[in-house]
Structure formats: structure tokens, C-alpha cells
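Residue-level structure breakdown
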Amino acid sequence: MERVCVTGAGGFIGHHLVTFLKAKGYWVRGVDLKYPEYTNVDADEFELLDLRRWDAALQATRGVDHVYALAADMGGMGYISTHHAEILHSNSLINLHTIDAARIHGVQRYLYSSSACIYPEYRQTVTDVVPLKESDAYPAQPQDAYGWEKLFSELLCSYYADEHPMQTRIVRFHNVYGPYGTYDGGREKAPAALCRKVALAGDGGRIEIWGDGAQTRSFCYIDDCVEGIYRIMQSDFAEPLNLGTDEMVSIAELAHVVAEVAGKRDIGLEHVAGPQGVRGRNSDNSLLREVLGWEPTTSLRDGLSPTYQWIEKRLTSGERT
Ligand code: NAD
Ligand code: GDD
């Protein structure tokens, strides 16, 4: 039985990935600062470790064949636009330590969770944006410290693969959403934030939207995300790959789809000031299709339905984070 370590296993994508890998028959060690907030631990072993510490990284990666490196100090625009120093410091330490500890332990494969936030701001200035190809990353100009650190850690993976007997995989996630993801507290991303706001609004009520709502994104459902992570890890492709959908919508459209799945079609939008990030972003999946013969297929409506239902249930049953 192959043994794997998932860092960030107390977080949204990490805990879903643990469940997925257990179902595939892997022995799984989860590592995080915290246990999953909304569900039980599925891992064979779960260790509470701070990967900013070198000794913790050595403990986390011992005795495993593969590492899925998902741990990060992260969140939506509300968080990453206001915590640059903390994010750059913490995530650099986490990634420097985790990959070198994995090398020392002779880990065979190492998957790094990068982000669409690495793409240059100058390619994301209009709402009707050209979808981002992997080769668009350079000349580099990510908008935030979060994106610069991700780009740095991508390079770290590539150099480790060049100079050490360890294979690396680099996945650039595009805004991932689904049940059991953060929906309040300041780190939530737009899909969960809008589900929360719609769930708390009365029929015919109004919800606040940051900006004019014309800014665009594509969103990837969690089931597609974990399937894609696994397929990329199994592949022999070491260069960065987008993992997202190319179903681009405006944030106002996203709010309307949420209102529809909630059965509250007459909800109005109130535009307020807030951090907006890039003006437009979409994924070009050509390379993903070429490499894997696969891409995410869950439509926004199909993915938002279970996401909304889970968030609404949490809010109405009084189970708060
Ligand atoms: P998340 O915040 O739910 O999970 C990240 C986990 O890392 C958290 O549980 C956190 O406690 C843990 N962590 C933070 N600092 C740590 C430390 N010092 N030691 C150990 N664990 C630590 O986020 P997520 O959405 O599950 O994201 C997983 C990965 O994917 C992250 O690397 C993130 O940057 C990347 N990513 C996510 C998205 C998205 O839309 N969710 C988009 C792009 C990239
Ligand atoms: N979070 C949030 N909350 N965003 C809102 C809200 C709200 O209530 N209302 C409108 N928005 C708008 C934001 O202003 C932004 O323009 C857009 O929705 C998307 O915001 P987020 O979902 O917070 O982030 P993002 O798509 O800009 O970036 C996220 O995805 C990246 C990968 O694609 C972040 O989570 C990054 O950390 C991640 O790497």
C-alpha cells in the first residue's frame, strides 16, 4: 500500500483530498495546524504540526512515498489583500521546509498547490479577459505577495526536480468552491460568501457585493479539483498546469445563480467598496486537456447547489464556526 502525506489536511481542499485518497486505498497522514472544522478526520494518522518549523516538516514527511503540499496561509481577496507580510513569511517557510524535508526522506513524488494568482496583473485588466495559458506566467507581475510566493515555490519545485531524484507536480488552482469550505470569518471566497449572504437575506432582500459586479472569474467545484489533483500526480507532466473551468461569469452573474439555486430569484444587489483583485480571470484548459485528456466538468449551477445547501444548513441549524 502506498503511503502519502497531505499537508493542509485540516483545510478545505486538503480534507476532501484525504477522503478521496483513502477511498483509493492509500495510507494517508494528514498534517495541519488544526483539525478539519466541519467534518471528521478520515486520515490514518493526523498530526498537528506547524510547518513553518523545520522539525515539524521533518516529522510530517517521514516514511511516505508521496507528498501533496497544500498547507498555506490563504483566503479570498478580503484576506490576501490585507496580510501580505504574514502570507509571504509563513508560506515561504512552509514550502522551503516541506520540500527539503521530503527530499531528505527520499519522497518520490511531490505535488505543489499553486494558484491562478501567479498570473501577471497586466493580463487581467478587463472583464472580457483572454483565458490564461500556463505560458502567460512570465514576465511575472502577480498582484499580491500571495501570488509572488506561489511563483517562487513553483520555481523551487522545478529546481528540486532538476537537481534531486524527486519528481514534482505543480497545479495552478482557479478559485475552488464546494461544501465544507470556509464561508465566514474573513477568509471566504466569493462563492461561499455569496451563498452565506443569500442564505441570510429574506425574500426580496438585498445582498452586498464588492465592486460593480462586472469583474469576472471561473470557479472549480471541489470534486473536480481533487480528481484533477490526483490525475496530475499520476501523470508524468512536471510543468505547471491550470486546474479550473473555463466557464467564466461575472460576480453579479454568480450572485444570480446562487439566488436561483436558493429559490430566492428576486434578491437585489447592493454594490459596496471592497477588495476586488484582478478585473477578469479565466482558465485556458488546452494544456490540461492535452496532458490528461480530461478537464473539470461540473457546471457552476450544479456545483453551487450542494454548496449553497450545506452553507444554508450550517447557518440555519446554528452551527457556526
Ligand atoms: P485552506 O485555508 O482551507 O487550507 C489550508 C490549510 O493549511 C489550513 O487548514 C491551514 O490551517 C493550513 N496551514 C496554514 N499554515 C500552516 C502551517 N504553518 N503549518 C501547517 N498547516 C498550515 O485552503 P484551501 O482552499 O484548502 O487551499 C489549499 C491549497 O490550495 C493552498 O496552498 C492554497 O493556497 C491553494 N489554492 C487554493 C485555492 C482555492 O480556491 N481554494 C486557489 C488557489 C490555490
Ligand atoms: N470574497 C469575496 N466576498 N469576494 C467578493 C464579495 C464577497 O463578499 N463580493 C464580491 N466579491 C468579488 C471580489 O471583489 C473579487 O473581485 C471576486 O469576487 C472574487 O473574489 P475571491 O473569490 O475572494 O478571490 P479571487 O477569485 O480574486 O482570488 C481567489 O482565487 C484565487 C485562485 O483563482 C483567492 O482565493 C486566491 O487566494 C486564489 O489563489
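Residues numbered from 1 in each chain as written. Chains lettered and ligands numbered in written order. Predicted model: local features only at pLDDT ≥ 70, side-chain atom pairs only at ≥ 80, totals over all residues. Heavy atoms only, no water.

As named in an unreviewed UniProt entry, the protein is NAD-dependent epimerase/dehydratase family protein, taken from Actinomycetospora chlora.

1. Regarding the packing of aromatic side chains
The relation between two aromatic rings is expressed through the spacing of the ring centres and the mutual angle of the planes. This model, assessed by the stated rule, comprises 8 aromatic pairs. For the ring pair Tyr35 and Phe46, a centre distance of 5.1 Å and an interplane angle of 35 degrees mean the geometry is tilted. A residue pair is termed long-range when its members are at least 10 positions apart, and Tyr35 in the loop between β2 (27–32) and β3 (45–48) and Phe46 in strand β3 qualify at 11 residues. By relative accessible area, Tyr35 is classed as partly exposed at 46%. Here Phe46 falls in the buried class, since its relative accessible area comes to 15%. Centre to centre, the rings of Tyr38 and Trp310 are 4.9 Å apart; their planes meet at 75 degrees, and the pair counts as edge-to-face. Pair noted here: Tyr38 is in the loop between β2 and β3 and Trp310 is in helix α10 (residues 300–316), with a separation of 272 residues, a long-range link. Given the relative accessible area of 12%, Trp310 is considered buried. A connected cluster of aromatic rings, assembled from ring pairs, spans Tyr38, Tyr180, Tyr183 and Trp310. Note that Arg3 overlies the ring of Trp27, its terminal NZ or CZ placed 3.8 Å from the centroid. (Phe/Tyr/Trp six-rings, centres within 6.5 Å; stacked < 30°, edge-to-face > 60°. Helix = DSSP H or I, 4+ residues; strand = E, 2+ residues; numbered from the N terminus. Buried < 20%, exposed > 50% of the residue type's maximum accessible area, 1.4 Å probe, protein only. Lys NZ or Arg CZ within 6 Å of the ring centre and 35° of its normal.)

2. Overview of the site of ligand 1
Within the structure, ligand 1 sits among 26 residues, and Phe12, Ile13, Asp32, Tyr146 and Val176 are positioned closest to it. Take Leu51: an N or O atom from its main chain is 2.9 Å from a nitrogen atom of ligand 1. In the environment of ligand 1, a nitrogen atom lies 3.4 Å from a nitrogen or oxygen atom belonging to the side chain of Lys189. Protein burial of ligand 1: of its 820 Å² of free accessible surface, 93% is covered by the chains. Where the shell around ligand 1 is concerned, the elements lending two or more residues are α1 (12–23), β5 (109–115) and α5 (145–163). When residues of the shell around ligand 1 are assigned to their parent elements, the largest contribution, 3 residues, is made by β5. (Near = heavy atom within 4 Å. Polar contact = N/O pair within 3.5 Å; in protein donor to acceptor, adjacent residues only side chain to side chain. Areas by Shrake-Rupley, 256 points an atom, 1.4 Å probe, with all protein chains shown as cover.)

3. Let's talk about the pattern of salt bridges
Here the structure, examined in full by the defined rule, presents 20 salt bridges. The shortest N-O distance in the salt bridge between Asp55 and Arg53 comes to 3.0 Å. Residues Asp136 and Lys133 are paired through a salt bridge, measuring 3.9 Å at the closest nitrogen-oxygen approach. The class of Asp136 is buried, set by a relative accessible area of 9%. (Salt bridge = Lys/Arg side-chain N within 4 Å of Asp/Glu carboxyl O.)

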